[in-house]
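# Chain and residue survey
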Amino acid sequence: MSIEKYLTVSALTKYLKRKFDADPYLGRVYLTGEISNFRVRPNAHQYFSLKDERAKISAIMFRSSFEKIKFKPEEGMKVLVVGRISLYEATGNYQIYVEKMEPDGVGALYQAYEQLKKKLAAEGLFSAPKRELPIFPKKIAVITSRSGAVIKDIMTTVRRRYPIVQLVLFPALVQGESAAADIVEKIHCVERSNSFDTLIIGRGGGSIEDLWPFNEEIVARAIYDCKIPVISSVGHETDTTIADLVADVRAATPTAAAELAVPVLGDEILKINQLKMRLYQAFKAELKIKTQQLVKLQGSYVFQQPERLYEGYLQKLDYFDKRARQAMQAIYTENELKLQHMLSRLREVAPIESVRLNKKNIEYLQQRIRNAGLTYLERKEQRVQAAMVSLDMLSPLKIMSRGYSYVSQDKHVIKSVKRLKTTQQIEIHFADGTAAAEIKKIKEDQSND
Amino acid sequence: MTDKPTFEENLTELEEIVQNLEKGDIPLEKSLEKFQRGMELSKELQFKLENAEKTLTRVMDQNGNEEKFERDEDNEK
Amino acid sequence: MTDKPTFEENLTELEEIVQNLEKGDIPLEKSLEKFQRGMELSKELQFKLENAEKTLTRVMDQNGNEEKFERDEDNEK
Amino acid sequence: MTDKPTFEENLTELEEIVQNLEKGDIPLEKSLEKFQRGMELSKELQFKLENAEKTLTRVMDQNGNEEKFERDEDNEK
Amino acid sequence: MTDKPTFEENLTELEEIVQNLEKGDIPLEKSLEKFQRGMELSKELQFKLENAEKTLTRVMDQNGNEEKFERDEDNEK
Amino acid sequence: MTDKPTFEENLTELEEIVQNLEKGDIPLEKSLEKFQRGMELSKELQFKLENAEKTLTRVMDQNGNEEKFERDEDNEK
Amino acid sequence: MTDKPTFEENLTELEEIVQNLEKGDIPLEKSLEKFQRGMELSKELQFKLENAEKTLTRVMDQNGNEEKFERDEDNEK
């Protein structure tokens, strides 16, 4: 066969697309079905499926059309849609491009779900305090299908985050009639083993029918009664099962469940390291502050220059000492000056002049008294001399010297012969002496008588 | 075994110690003790985390025995 | 042990002594006593701080990683 | 010890003596006595100050370690 | 010792004697007596002053430092 | 001592004696007595004065030292 | 002694004798007596005068020392 006989995928797909687009029936189709695989994508085109008991068709509703609908489409909801059928070349899928959508009554399962939800909510199962997940679980039980993607996602995540935890899979039926009982059995089994920190119950996405076991009451109550914290991850994020509501934590995906169940080992080691560093830094900072405080105190001049504690006293003492000496010196000098002054005044009033004057005076008086004595005596002498000269002049002996003499007897002058007798001894006095004589004869002179 | 503080309790104690020291209003002697205690704790905690063995996922069989889970072993290859 | 004054009490006492001495209005004999007491206190405080510092260094040396970490931090400054 | 006059009391006495001497209205003999007393006091005070200095030096020498410690810290700056 | 006249009393007596002598109206003998008394007094006063000076010098010499100190201070002027 | 005539009284007596002798109207015996008395008096007075002079001179000489002392002090100034 | 006539009384008597003798109207015997009396008196007076002179000289001589002293003093002037 030549190569020209082979079509390209694009060419074939283009051809098929034209068949769809050109078909008059497929241009506008009125379709009834149940919404499936629906998760609301905010502000975007919506992708979902429409199905009935035997068939399923992919559907897309552009944003502009989706914004026009007046109800909130939900998974499992029966709807009436108007749209066209076309083929999306990139995937080769045909799908209905929904232009209008209306609800077509409510599904039976959905109703049952709503009823149970109300009942359990009234019992307080949902609002009851949730058990806290251990941060560092040692052993985690996982109840899910042995072959599904759930256990794989969990294993991958746990290995990545926290490979030291022991994961134990409790294989369970997660779909079908006996699934609920099996799940309950496994929950009890986990509890009985009494060695698990955390329980993850998971199932991949599916229709409401697929997820139904997780909406059954026995499962809800088993989860609620479970003493181990339970993480529930059933279906997609939009599929909220009763199990999700009653579990302690709900995870949107199995990966999220694993992330909730275990910490990141490296992060934790880092955290501990950080705590250690903080501890070290805090203590180091405290030591630094205390050291600074101490160093500051030690740096006080009191310790650096302790001599300043008494230097003031030294100066004061020197000052007083000096002043005392100066004051004493001043007292001494003042008294000495006073004394010298007094002494010089005393010397000035020494009575030496008076003494000398008096001495002269006395000498003069002595001279005078000597002179007076001599003069006095002289005068007396003169008088005596004068009298003696006069007496000498008047001496009767002087007359006798002219030849006169007189006679005396017994010192009596004899003036008359009559008084004489012969042989009488007499004395004859001459001027120049005396002579002794004896009377021989007496001759009296008459005439003279 | 039950009396021994858990990893979490030890971690909590360590965190409290760190916060106490960071507040800084405890006497030096006390904070030295706390520092030493904190260091011991952190060592112990770190040791536990770093030295724990990596595990393989097991599966619980019908009889309540844990067995190797073949899918995990596959992943490791 | 409880009766022994803490580092902070000793530090406060030392601080009071320093302030007193710096004010300088205490008798010489008293100030000498205070000076001696102050020196004792400062010695004791220093001893305690040095011990604490030794503990710090020793504990850190016991796992070299943090030391490296510290040095790295210092270098970054 | 308590009966012995303090340094300050002695210093005050010396100061009073100095002031008395400076006023100068005391008899010579009395002022000599006072001067001698003052000189005794000043000698005693000086002796005490020298003792204080010795005590301080001794106490400082005993603390040689701290000086080193401080220098080390300075080097780090 | 108390009965002995003080330096100031002696000085006062000397001054009175000097004033009396300066007035000059006293008999020679009296003035001689007074003068001699004055001389005695002045001798005694001088003796006392010399003693005071000796004491002063001796006391100052007993602590040579201050002497040096003073001299140094004088040189600085 | 108080009954003893003073220097001045003796001097007055001597002067009267001299005047009496100079007038010369007293009997010889009397004048001799007076002369003797006068001579005695003058001798006594002279003796006293000479003694006084000696004393004064001596005393003044004794102050020679002090004069020197004073001069020394002047030199120091 | 009091009855004994004084030098002056004797002198007066001698002078009276001289005057009587000068009148010349007295008998020889009388005049002789008087003359003799006069001679006696004059002798006595002369004796007394001589004595007085001796006394004077003696008293003066006793002061010879002083004279010398005085002369010495004069020389000194």
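Since we're looking at a predicted model, the values are computed, not measured. (Residues numbered from 1 in each chain as written. Chains lettered and ligands numbered in written order. Predicted model: local features only at pLDDT ≥ 70, side-chain atom pairs only at ≥ 80, totals over all residues. Heavy atoms only, no water.)

### Comments concerning the sheet that holds strand β4 (residues 78-88) of chain A
In a beta sheet, neighbouring strands are held together by backbone hydrogen bonds and run either parallel or antiparallel to one another. All names here are of chain A. Taken in spatial order, the five strands line up as β1-β2-β3-β5-β4 and close into a barrel, and their pairing is mixed. Each adjacent strand pair in this sheet contributes to an overall mean axis angle of 55 degrees, direction not counted. The pairing of β4 with strand β5 (residues 93-103) spans 10 bridges and is classified as antiparallel. Bridged to G83 within β5 is V98. Those strands touched by helix α1 (residues 9-22) are β4 and β5, and its axis lies near 140 degrees from that of β4. (Pairing = 2+ DSSP bridges. Helix = DSSP H or I, 4+ residues; strand = E, 2+ residues; numbered from the N terminus. Axes fitted to C-alpha atoms, helices over the stretch in contact; angles between N-to-C directions. Contact = heavy atoms within 4.5 Å.)

### With respect to the confidence of the model for chain B
In this model, chain B carries an average pLDDT of 85, and 91% of its residues clear a pLDDT of 70 or more. When mean pLDDT is taken per element in chain B, helix α1 (residues 7-23) of chain B scores highest with 92 and helix α3 (residues 70-76) of chain B scores lowest with 65. (pLDDT = per-residue confidence, 0-100.)

### Some points on the environment of E8(E)
Assignment of secondary structure puts E8(E) in helix α1 (residues 7-23). In this structure E8(E) comes out as partly exposed when scored by relative accessible area, which is 24%. Taking the C-alpha atoms as reference, E8(E) lies 8.9 Å from L45(E); in sequence the two are 37 residues apart. Discounting residues that sit within four places of it in the chain, E8(E) has contacts with N335(A), I26(D), P27(D), L28(D) and E29(D). (Buried < 20%, exposed > 50% of the residue type's maximum accessible area, 1.4 Å probe, protein only.)

### Here we look at the sheet that holds strand β13 (residues 425-430) of chain A
Residue and element names in this part refer to chain A. The strand order across the open sheet formed by four strands is β12-β11-β13-β14, and the pairing between neighbours is antiparallel. Pairing within the sheet leaves two strands with one partner each, and these edge strands are β12 (412-413) and β14 (433-438). Here β13 pairs with β14 via six bridges, running antiparallel. Residue I428 lies in a different strand from β14, and its bridge partner there is A435.

### Some thoughts on the pattern of salt bridges
Under the criterion given, the structure shown has 46 salt bridges over all chains. A salt bridge links R356(A) to E53(F), with the nearest nitrogen and oxygen atoms 2.7 Å apart. Taken together, the residues R356(A) in helix α12 (residues 352-393) and E53(F) in helix α2 (residues 28-76) connect one chain to another. Take E53(F): its relative accessible area is 11%, and that puts it in the buried class. (Salt bridge = Lys/Arg side-chain N within 4 Å of Asp/Glu carboxyl O.)

### Quick word on the interface of chain G and chain A
Between chain G and chain A, the residue contacts involve 32 residues of the former and 27 residues of the latter. Taken together, the connections running from chain G to chain A amount to two salt bridges. Here R383(A) and E15(G) are joined by a salt bridge, their closest N and O atoms 3.4 Å apart. Counting residues per element, the ones that place at least two in the side of chain G that touches chain A are α1 (7-23), α2 (28-62) and α3 (64-76) of chain G. Of all the elements, α2(G) adds the most residues to the side of chain G that touches chain A, at 15 residues. A per-class count over the side of chain G that touches chain A returns 16 nonpolar, six polar and 10 charged. (Nonpolar A, V, L, I, M, F, W, Y, C, P; charged D, E, K, R; others polar.)

### Here we look at the nonpolar core
By size, the foremost hydrophobic cluster in this structure holds 163 residues, and its most contacted members are L346(A), F35(B), L49(B), F35(C), L21(D) and F35(D). Per element, the largest residue contribution to this core is 13 residues, and it comes from helix α11 (residues 308-348) of chain A. L125(A), C189(A), V190(A) and V230(A) belong to the second-largest nonpolar core, a separate cluster that totals 38 residues. (Core = buried A, V, L, I, M, F, W, Y, C linked by side-chain atoms within 4.5 Å.)

### Some points on the pairing of strand β8 (residues 198-203) of chain A
Residue and element names in this part refer to chain A. When you tally the buried positions in β8, you get six out of six residues, the bulk of the element. Alternating residues of β8 divide into T198, I200 and G202 and L199, I201 and R203, and every residue in both groups is buried. Bridge count for strand β6 (residues 139-144) against β8 is four bridges, and the pairing is parallel. If you follow A141 over to β8, its bridge partner there is L199. Pairing of β8 with strand β9 (residues 230-234) involves five bridges; the strand directions are parallel.

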